[in-house]
Amino acid sequence: MGIPEKIKAIQDEIHKTQINKATEFHVGLLKAKIAKLKREQDENIHGRTVHTGGENAGFDVRKAGDATVVLIGLPSVGKSTLLNRLTNAKSRVASYQFTTLTAVPGMLDYRGAKIQVLDLPGIIEGAASGKGFGRRVISVSRGADLVLLILDVFQPNHVGILKKELAEAGIKLDERPPDVVIEKTSTGGLSVNAQVPLKMSEKAVKEIARVYGIHNGRIIIREPNLTDDQFIDVLSENRVYLPSLIVLNKIDLVNQGFINEIQSQIGNKFLPISADANVNIDALREAIYNRLDFIRIYMRPKGGQTDYKEPMIMQRDSKVQDVCNKIHRNMARNIKYALVWGKSAKFDAQKVGLDHVLADEDVLTIVKNPGAL
Ligand SMILES: Nc1nc2c(ncn2[C@@H]2O[C@H](COP(=O)(O)OP(=O)(O)OP(=O)(O)O)[C@@H](O)[C@H]2O)c(=O)[nH]1
Ligand SMILES: [Mg+2]
C-alpha cells in the first residue's frame, strides 16, 4: 500500500469511529498516524527539490524589505488589482481565472516601513495536495510574515477553503505555537510532566509521541488544555505560525446591508474594501502595518546624536543581533557590545550583548571591535 492509500484507510477508520470519551484516545492516535504519513509524503514530493528549485518548490522571489505579506485567494477575487493598488507594481489583471502565473512582488512604503507584498496565483480546493499552483503558492507563503486572505464579496464562504488548504500545508493562522517542550533521551522511557490541567490522558500523550518515534524522554506541557491536534503540531516540527487578515474585496458591487449580512455569516472579522474603486485601501494599509507588529529602533552612533527620523523597522522580539544582520550581513561578527536606552533597558546606556531582546522605541548604539570596518 502506498502512502495515499494508507492515509485514506486511516481516514475511513476515523469516519467510522463514533467520537466519545472511550474512543478519543484511539482517534488521537489515528490522527497522529495520518499527520506522520503526510509529513513523509511531503518529504517525498518536496525533498531536496525545495532547495534546488524543482517544480514543487516555491516561486523564485527574493524576500525584501522589513516584512513580507502574501495575497492568498481563489482565482479572480482581485489579488493582482489589490497589489497594484497597494504598491507601485503592475501585475496583470483580467476577468478570467488564473491570470497570475507566478509570484509578483511590489513594495508598500508605509510609516517608514518597507513592506513587500507578493501577488500569487489563485489557489483552489486541493491546493495543498498539489492542485494547480497550490503547492508552490503555499511554499512561498510559509516564508511570509503575514497572510492576507482575499475574498470576493459574493463568495465569502471561501475563507473556509483558504484556511483549510493552509492548515493542511502546516500553516497555522493566528495561533501561538503550543507550549510543549520535548527533551529526548536515549534510555529511560517516556515521562509526562504537565504543569497545567491536561485534557488528554498521559497515556494518549505517550502513545502519540511513540507514533513519531519518540520512546525516551520528558514531555513538558505548559499549554493549558492541550488538544491532540496541537500535540501533533508540536511533534510534526514543520508547522509555521503566521498572523492573518481577512479582506473582503469588490464591495463596490454591493450595499452596506449586504456586507452586514456577510459579517453575521462568516463570524470572523474582516476588512471590506474595493481594490478597483479604491475604497478602504488606507484602512487596509494601516491594518497591515498594525498586524505586522513592528517595533522601531532609533540608532545612535557612538558619541553622536540619535536618529529619530529614520528608525530601523524590526519585528517584535528582535535582538541586537537581528539589527546588526539587517545593517550588514557580516556585522554581528565584529560587535564588541551594544548600549541600550528605553523600555528593554534596566537603566540608561545599559551594556548588552547580541542576544539582548529589544523593545519598541529603544535607542541603540552598536560598538564595534577596534579595527573592524
Ligand atoms: N467590481 C470590482 N471588480 C474588481 C475589483 N477588484 C478586481 N476586480 C476585477 O476582478 C477581475 C479579476 O481581478 P484580478 O486582480 O485579475 O484577480 P486575481 O485574484 O489576481 O485573479 P488570478 O490571478 O486569476 O488569481 C478583474 O476583472 C478585475 O477588474 C473590485 O474591487 N471591484
Ligand atoms: Mg492575479
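Residues numbered from 1 in each chain as written. Chains lettered and ligands numbered in written order. Predicted model: local features only at pLDDT ≥ 70, side-chain atom pairs only at ≥ 80, totals over all residues. Heavy atoms only, no water.

Peer 1: Where do I start with the overall build of the protein in this structure?
Peer 2: Looking only at helices and strands, the protein features 11 helices and 16 strands. Referenced to the eigenvectors of the C-alpha coordinate spread, the extents of the protein come out at roughly 70 × 60 × 45 Å. The buried share of the protein, taken over its 373 residues, is 46%. By sequence separation, contacts in the protein at least 24 residues apart represent 67% of the contacts at least 6 residues apart. Here the protein displays about 19,500 Å² of accessible surface, and carbon together with sulfur accounts for 49% of that area. (Helix = DSSP H or I, 4+ residues; strand = E, 2+ residues; numbered from the N terminus. Buried < 20%, exposed > 50% of the residue type's maximum accessible area, 1.4 Å probe, protein only. Contact = heavy atoms within 4.5 Å. Areas by Shrake-Rupley, 256 points an atom, 1.4 Å probe, with all protein chains shown as cover.)

Peer 1: Can you help me understand the sheet that holds strand 7 (residues 190-194) in this one?
Peer 2: Strand order across the open sheet formed by 3 strands is 6-8-7, with mixed pairing between neighbours. Only two strands of the sheet have a single partner each, and these edge strands are strand 6 (180-184) and strand 7. Neighbour-to-neighbour, the strand axes of this sheet turn through a mean angle of 15 degrees, independent of strand direction. (Pairing = 2+ DSSP bridges. Axes fitted to C-alpha atoms, helices over the stretch in contact; angles between N-to-C directions.)

Peer 1: How should I be thinking about the coordination of the magnesium ion (ligand 2) in this particular structure?
Peer 2: A metal bound by six donors in octahedral fashion has ideal angles of 90 or 180 degrees, whereas one bound by four tetrahedral donors has an ideal angle of 109.5 degrees. Protein ligation of the magnesium ion (ligand 2) involves S80 (OG) and T100 (OG1), the donor distances falling in the range 1.9 to 2.1 Å. Taken together, the residues S80 in helix 4 (residues 79-86) and T100 in the loop between helix 4 and strand 2 (104-110) connect sequence positions 20 residues apart. T100 gets classed as buried once you look at its relative accessible area, which sits at 10%. (Donors = N, O, S within 2.8 Å, 3.2 Å for Na, K, Ca; no water.)

Peer 1: Help me understand the domain arrangement of the protein, please; the structure alone is not making it clear to me.
Peer 2: As a measure of interface size, the accessible area lost when the parts come together is often cited. Domain boundaries in the protein define domain 1 (3-46 + 178-236), domain 2 (52-175 + 240-292) and domain 3 (294-368). Using C-alpha coordinates to define each centre, domain 1 is positioned 32 Å away from domain 2. (Domains from an automatic or database assignment.)

Peer 1: Would you mind going over the site of ligand 1 with me for this structure?
Peer 2: Inspection of the region around ligand 1 gives 23 residues, with K79, T81, F98, T99 and T100 positioned closest. One of the side-chain N or O atoms of T100 is found 2.8 Å from an oxygen atom in ligand 1. K250 is positioned with one of its side-chain polar atoms (N or O) 3.2 Å from an oxygen atom of ligand 1. Protein chains shield 89% of the accessible area of ligand 1, which is 650 Å² for the free molecule. Its residues assigned to classes, the shell around ligand 1 shows 8 nonpolar, 11 polar and 4 charged. (Near = heavy atom within 4 Å. Polar contact = N/O pair within 3.5 Å; in protein donor to acceptor, adjacent residues only side chain to side chain. Nonpolar A, V, L, I, M, F, W, Y, C, P; charged D, E, K, R; others polar.)

Peer 1: Can you help me understand the pairing of strand 8 (residues 217-221) in this one?
Peer 2: Working note: regular strand, side chains alternate between the two faces of the sheet. Most of strand 8 sits inside the fold, with 4 of its 5 residues counted as buried. Examined bridge by bridge, strand 6 and strand 8 share 5 bridges and lie antiparallel to one another. Bridge pairing links K184 to G217 in strand 8.

Peer 1: I would appreciate a short explanation of the nonpolar core in the present structure.
Peer 2: Generally speaking, a soluble globular protein has its nonpolar side chains buried in company with each other. Ranked by internal contacts, the top residues of the largest apolar core, which has 62 residues, are I72, L82, L148, L149 and I288. The element that contributes the greatest number of residues to this core is strand 4 (residues 146-152), accounting for 6 residues. Core analysis: the next-biggest nonpolar cluster, separate from the first, contains 21 residues, A35, I214, I221 and L235 among them. (Core = buried A, V, L, I, M, F, W, Y, C linked by side-chain atoms within 4.5 Å.)

Peer 1: Just to check I follow, could you spell out the environment of N249 for this structure?
Peer 2: When you line up the elements, N249 lands in strand 10 (residues 244-249). Among the residues examined, N249 registers a relative accessible area of 3% and is labelled buried. Spatially, the C-alpha atom of N249 lies 41 Å from that of N20, the residues being 229 residues apart in sequence. Non-local contacts of N249, meaning those with residues more than four positions away in its chain, are made with V77, G78, I150, L151, D152, V153, I273, S274 and A275.

Peer 1: Help me understand a nonpolar patch on the surface in this model?
Peer 2: Side chains of F154, L253 and F258 sit close together on the surface and give an oily, nonpolar patch of about 300 Å² of accessible area. Mapped onto the fold, F154 is located in the loop between strand 4 and helix 6 (158-168). Look at F154 and you get partly exposed, because its relative accessible area is 48%. (Patch = residues over 30% accessible without salt bridge, like charges linked within 9 Å, V, L, I, M, F, W, Y side chains within 5 Å. Salt bridge = Lys/Arg side-chain N within 4 Å of Asp/Glu carboxyl O.)

Peer 1: Where do I start with the sheet that holds strand 13 (residues 312-315) in this structure?
Peer 2: Picture the strands of a sheet paired through backbone hydrogen bonds; they go either parallel or antiparallel. Pairing in this open sheet of 5 strands is mixed, and the strands run 13-12-16-14-15 from one edge to the other. At either end of the open sheet lies a strand with only one pairing partner, and these are strand 13 and strand 15 (350-352). In this sheet, neighbouring strand axes are inclined to one another by 35 degrees on average, regardless of whether the strands run parallel or antiparallel. Against the sheet, helix 11 (residues 320-327) engages strand 12 (294-299), strand 13, strand 14 (335-341), strand 15 and strand 16 (362-368), with an angle of about 125 degrees to strand 13.

Peer 1: Just checking my understanding: could you explain the side chain of R285 for this structure?
Peer 2: Here R285 lies in helix 10 (residues 281-292). With a relative accessible area of 17%, R285 lands in the buried category. Among residues more than four places away in sequence, those in contact with R285 are R85, L86, L108 and Y110.

Peer 1: Sorry, what's going on with helix 10 here?
Peer 2: Each α-helix winds once per 3.6 residues, and so residues spaced three or four apart point in a common direction. For helix 10, built from 12 residues, the straight-helix expectation of 16 Å at 1.5 Å per residue is met to within 8% by its first-to-last C-alpha distance of 17 Å. The set of residues buried in helix 10 consists of I281, L284, R285, I288, Y289 and L292. For helix 10, the angular spread of buried residues about the axis comes to 135 degrees, placing them on one side. D293 occupies a position one or two residues after helix 10 and carries a positive phi of about 55 degrees. (Expected span 1.5 Å × (residues − 1). Arc of directions from axis to C-beta.)

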